[in-house]
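# A structural walkthrough
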Amino acid sequence: MIEISNITKRYGDLCALGGVSAPISAGEFIAVVGNSGSGKSTLMNVLGILDHDFSGSLRIFGVEVSTLSASSAARLRNELIGFVFQSFHLLPRLTAWENVALPLFHRGLKRPERKARAIAMLDRVGLADRVDHRPEQLSGGQRQRVAIARALVGEPRLILADEPTGNLDTATGAQVMDLLRALNRELGVTVVMVTHDRDMAKLCDRVIEIRDGRVLPLGEAG
Ligand code: ADP
Ligand code: MG
């Protein structure tokens with residue numbers, strides 16, 4: 001359970017989030033939609049415990065985030081949250097399995113275990129035959145699947161995906177969406193996904209629409 005309560009976030013005079021409240025249940029697959037500049041990425045940064053500088057309350061699986069120290073926040077982020085980005089954010093010099101294994105490095109796991117878990121997760125996303133490829137040797141859809149494997153390898157309870165299909169063609173984007181949806185169902189991981197695509201949003205359990213830093217009440221969307 002994630003409880004977002006009256007979160008306000010300012011950049012100087014600009015109010016990027018103006019009192020956002022939204023409860024999210026464990027296991028839900030949520031779409032966050034809204035125009036460019038409406039505050040979607042700002043909300044994702046707050047949810048991802050990347051941005052502490054807000055007012056209001058954020059409880060993630062029982063932990064109040066707003067009062068955590070930087071080091072506690074970093075530990076919680078590493079344990080609980082996996083990130084997927086529009087532009088993949090893979091490290092070009094590392095192979096697929098090395099990219100996937102990165103979050104495990106910070107947990108102090110030995111290399112053989114990191115490698116075994118990374119390869120198992122690459123197998124899960126359909127890339128068992130690409131574990132030693134570097135990002136430049138992979139298609140866009142394959143790169144995003146590597147990024148999804150990296151987001152999941154640490155067994156997080158929450159996946160935050162900011163326009164994960166934004167750099168993919170329609171068919172590849174639909175495959176990535178299907179994969180996220182399947183992983184959500186099979187692993188029970190909560191997913192919050194920003195998307196511009198109304199068809200993708202329809203495949204989610206629930207849509208949160210943001211306009212000018214505020215959540216639209218149900219029924220006003222569209
Ligand atoms: P979205 O992801 O919905 O396109 P953002 O959350 O990125 O919107 O931005 C919301 C508002 O906050 C916009 O007006 C944007 O210009 C502003 N903003 C975002 N990040 C910063 C920043 N680091 N500094 C100043 N203003 C920012
Ligand atoms: Mg954005």
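So, here's what we can say about the structure. Note that the structure is a prediction, hence the values are computed from the model and not measured.

Conventions we followed
Residues numbered from 1 in each chain as written. Chains lettered and ligands numbered in written order. Predicted model: local features only at pLDDT ≥ 70, side-chain atom pairs only at ≥ 80, totals over all residues. Heavy atoms only, no water. Helix = DSSP H or I, 4+ residues; strand = E, 2+ residues; numbered from the N terminus. Buried < 20%, exposed > 50% of the residue type's maximum accessible area, 1.4 Å probe, protein only. Lys, Arg positive; Asp, Glu negative; His and termini not counted. Salt bridge = Lys/Arg side-chain N within 4 Å of Asp/Glu carboxyl O. Contact = heavy atoms within 4.5 Å. Pairing = 2+ DSSP bridges. Axes fitted to C-alpha atoms, helices over the stretch in contact; angles between N-to-C directions.

## Topic: the side chain of Lys40
Considering the arrangement of structural elements, one finds Lys40 in helix 1 (residues 40-47). For the buried Lys40, no salt bridge is present, and the opposite-charge side chain at shortest range is Glu163, 4.9 Å distant. Residues contacting Lys40, with those up to four places away along its chain left out, are Val32, Val33, Gly34, Asn35, Glu163 and Val194.

## Let's talk about the pattern of salt bridges
As enumerated under the stated definition, the model contains twelve salt bridges in all. We note a salt bridge from Arg59 to Glu3, for which the minimum N-O separation is 4.0 Å. Remark: Glu3 occurs in strand 1 (residues 2-11) and Arg59 occurs in strand 4 (residues 55-60); sequence separation between them is 56 residues. Glu28 is the salt-bridge partner of Arg206, the closest N and O atoms lying 2.8 Å from each other. Residue Arg206 is located in strand 9 (residues 206-211), and its partner Glu28 is located in the loop between strand 2 (14-24) and strand 3 (29-33); the two are separated by 178 residues in the primary sequence. Three or more residues are tied together by salt bridges with common partners; here these are Lys9, Asp51 and Asp53.

## Section: the pairing of strand 4
Where strand 1 meets strand 4, five bridges bridge the pair, whose relative direction is antiparallel. Looking at strand 4, one finds that Thr8 is bridged to Ser55. Linking strand 4 to strand 5 (residues 63-64), which pair antiparallel, is a turn of two residues; within it Phe61 sits at a positive phi near 45°.

## Focus: the sheet that holds strand 6 (residues 81-85)
What the six strands build is an open sheet, ordered 6-7-8-3-9-10; its pairing is mixed. Looking at the sheet topology across the chains shown, the edges are occupied by strand 6 and strand 10 (214-215). In this structure, strand 9 lies alongside strand 10, joined through two bridges in antiparallel fashion. Counterpart to Ile210 in the pairing with strand 10 is Val215. Sheet strands in contact with helix 5 (residues 140-152) are strand 6 and strand 7 (158-162), and its direction is about 165° off that of strand 6. Across the face of the sheet, helix 6 (residues 170-187) comes into contact with strand 3 and strand 8 (190-194) while running at roughly 140° to strand 3.

Read these as spatial facts, not as claims about activity.
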